[in-house]
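Summary of structural features
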Amino acid sequence: MKTKLASAIGVLFCIGLPGFAHRLDEYLQAAMISISKERVQVAMRLVPGVAVLPTILANIDTNRDGVISIAERRTYARQVLRDLSLTIDGHALQPKLVSFGFPTLDDMKQGLGEIHIEFTADLPRGGDNRKIILQNRHQSRIAAYLVNCLVPRDPDIHVLAQHRNQNQSVYELDYAQVDVASGALASRWWSLRTSLGNLGGFVSMFRLGMRHIAEGTDHLLFLLALLLPAPLFAFGSRWDGFASLRHGVRQILRVVTAFTVGHSITLALAGLGVVLLPSRPIEVLIAVSILVSSIHALRPIFPGREPVIAACFGLVHGLAFAATLGLLGLGMWARLANIFAFNVGIEAMQLIVVAAAMPSLVLLSRTRAYPLLRVGGALFSGGVSIGWIAERLLNLPGLVDDVVDGIAHQAVWIAGVLFVVSIVFWSVGKLNRKQSNILKQLPGQPIEVSVQPF
């Protein structure tokens, strides 16, 4: 992750495509974009699957002689370029073919052959904030598109955001550039100002933070497991008795705030390169944090100190959040702004999750049904955490991830059903208490008299 190529996830295209051996029914078209102040360069790798190869060969070997001549290769490369649309700030660019390479027919028939095409386009002068749009329409009926951008070598060029449509046939790259003559200090200040002031870049990182939490089921499972006993009091080695509504809400907010403080600290430190740890131990520790919070939800092991535990384990979770920022290959000053936007996105999604879960937890905690939810939730999260620990320690297939992700996709329905159930149980409990109070106040009720022997 330290190299710029890895930061841009260029490994996917530069060394990862051989893993797509023996492709079958699609025409994979991967494009890697590199930008400088004067030009944009695009390297394409096209891999036809064996099932669609006849269609591709019909466009390449136009004379049907079974041999792909140099002229036919050049003609096809130019055809690919004609099927592309490349613009900068809304102005069309004229791509220039730089090189092309074709595999043998035998490799192509096995789904192993890769066609290499490189082209460049000169960039006109423009403003500080620029947008490049690449649209690929080549063989769209059978194509599978991939697009990414290399981290610019020029330190005065800063990638702000990347946007793709669903199948990546349309790719948008927002970036900013400064004048070298302005000096290093001005360049850094401009980079920071642009990152903070550019709404598109902020929104992009904000959304990334939200998505990271929404897709980070382990982070959410830890938080939810720690919230399960929040509305309760601990008596000895068991949970018993309902806390007041005010206490329950306050405890939930304290846990969430402590978790936020914890992961914000390590997110900033790791994002700035102060703390660097391998990802495997971090992922294992996250699973351990879920197991600990699950055991605590069953039997109180640190009653009243949930915010402290949330903050401590939040430090570990923050390291995992920072790994996502590390993939973006951002410079120091750009990271400051993007860490802020990313963290705001994380907090926004956490608040959404807590806001969705808190009413149900508080209402159900006032009923006799809550132990079922607490114990059931703790057993589920504990079992999942044990599975994650085993998978991450032994590098096993992610079967637990598949199960949890499947459940997470139904999160909205689950939250809705849980809220309805909580309303029903709370209403029934309130009605029973009201009826009990009425019966106690009715006249003529038999009075129990206890007679003590002399």
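Residues numbered from 1 in each chain as written. Predicted model: local features only at pLDDT ≥ 70, side-chain atom pairs only at ≥ 80, totals over all residues. Heavy atoms only, no water.

For Gln 139, which is not glycine, the phi torsion reads 50° and is therefore positive. Mapped onto the secondary structure, Gln 139 falls in the loop between β7 (129-136) and β8 (143-149). Classification of Gln 139 as buried rests on a relative accessible area of 18%. Despite not being glycine, Gln 168 shows a phi value in the positive range, around 65°. (Helix = DSSP H or I, 4+ residues; strand = E, 2+ residues; numbered from the N terminus. Buried < 20%, exposed > 50% of the residue type's maximum accessible area, 1.4 Å probe, protein only.)

On the surface, a cluster of positive charge is made up of Arg 366, Lys 430, Arg 433 and Lys 434. Locating Arg 366 in the fold gives a position in the loop between α12 (332-364) and α13 (370-394). When its relative accessible area of 31% is taken as the criterion, Arg 366 is described as partly exposed. (Patch = residues over 30% accessible without salt bridge, like charges linked within 9 Å, V, L, I, M, F, W, Y side chains within 5 Å. Areas by Shrake-Rupley, 256 points an atom, 1.4 Å probe, with all protein chains shown as cover. Salt bridge = Lys/Arg side-chain N within 4 Å of Asp/Glu carboxyl O. Lys, Arg positive; Asp, Glu negative; His and termini not counted. Charge placed at Lys NZ, Arg CZ, Asp CG, Glu CD.)

As a packed pair, α13 and helix α14 (residues 399-408) sit with axes 9 Å apart at the nearest point and diverge in direction by 145°. Two secondary-structure elements touch here, α13 through Phe 380, Val 384, Gly 387, Trp 388, Glu 391 and Arg 392 and α14 through Leu 399, Val 400, Asp 401, Val 404 and Ile 407. (Axes fitted to C-alpha atoms, helices over the stretch in contact; angles between N-to-C directions. Contact = heavy atoms within 4.5 Å.)

A separate point is a nonpolar patch on the surface. A surface patch of nonpolar side chains, about 630 Å² in accessible area, is lined by Val 417, Phe 419, Val 420, Val 421, Ile 423, Val 424, Phe 425 and Val 428. When you line up the elements, Phe 425 lands in helix α15 (residues 411-441).

Turning our attention to the confidence of the model for the protein. In this model, the protein carries a mean pLDDT of 78, and residues with pLDDT of at least 70 account for 80%. For residues 180-198, every residue scores under 50 in pLDDT, and the model assigns this stretch 28 contacts once sequence neighbours within four places are set aside. In this model, residues 447-454 is a region of pLDDT below 50 whose contacts with residues beyond four sequence positions or in other chains number 0 contacts. (pLDDT = per-residue confidence, 0-100.)

The topology assignment puts Arg 130 in strand β7. Not counting the four nearest positions on each side in its chain, Arg 130 is found in contact with Ile 88, Asp 89, Leu 123, Pro 124, Arg 125, Leu 173, Asp 174, Tyr 175 and Gln 177.

Right, let's get into the packing of helix α3 (residues 53-60) against helix α4 (residues 70-82). Where α3 contacts α4, the two axes come as close as 9 Å, and the packing angle between them is 110°. Taken together, the axis directions place α3 and α4 in an arrangement best described as roughly perpendicular. Mapping the contact onto sequence places Ile 56, Asn 59 and Ile 60 in α3 and Glu 72, Tyr 76 and Gln 79 in α4. Residue composition of the contact of α3 with α4, by class: 3 nonpolar, 2 polar and 1 charged. (Parallel < 35°, antiparallel > 145°, perpendicular 65-115°, else oblique. Nonpolar A, V, L, I, M, F, W, Y, C, P; charged D, E, K, R; others polar.)

In spatial order, the strands read β4-β3-β7-β10-β9; together these 5 strands make up an open sheet with antiparallel pairing. Two strands in the sheet have a free side with no partner beyond their single neighbour: β4 (91-92) and β9 (157-164). When strand β3 (residues 84-88) meets β7, the two strands line up antiparallel, connected through 5 bridges. Bridge assignment links Leu 86 to a residue of β7, and that residue is Leu 134. (Pairing = 2+ DSSP bridges.)

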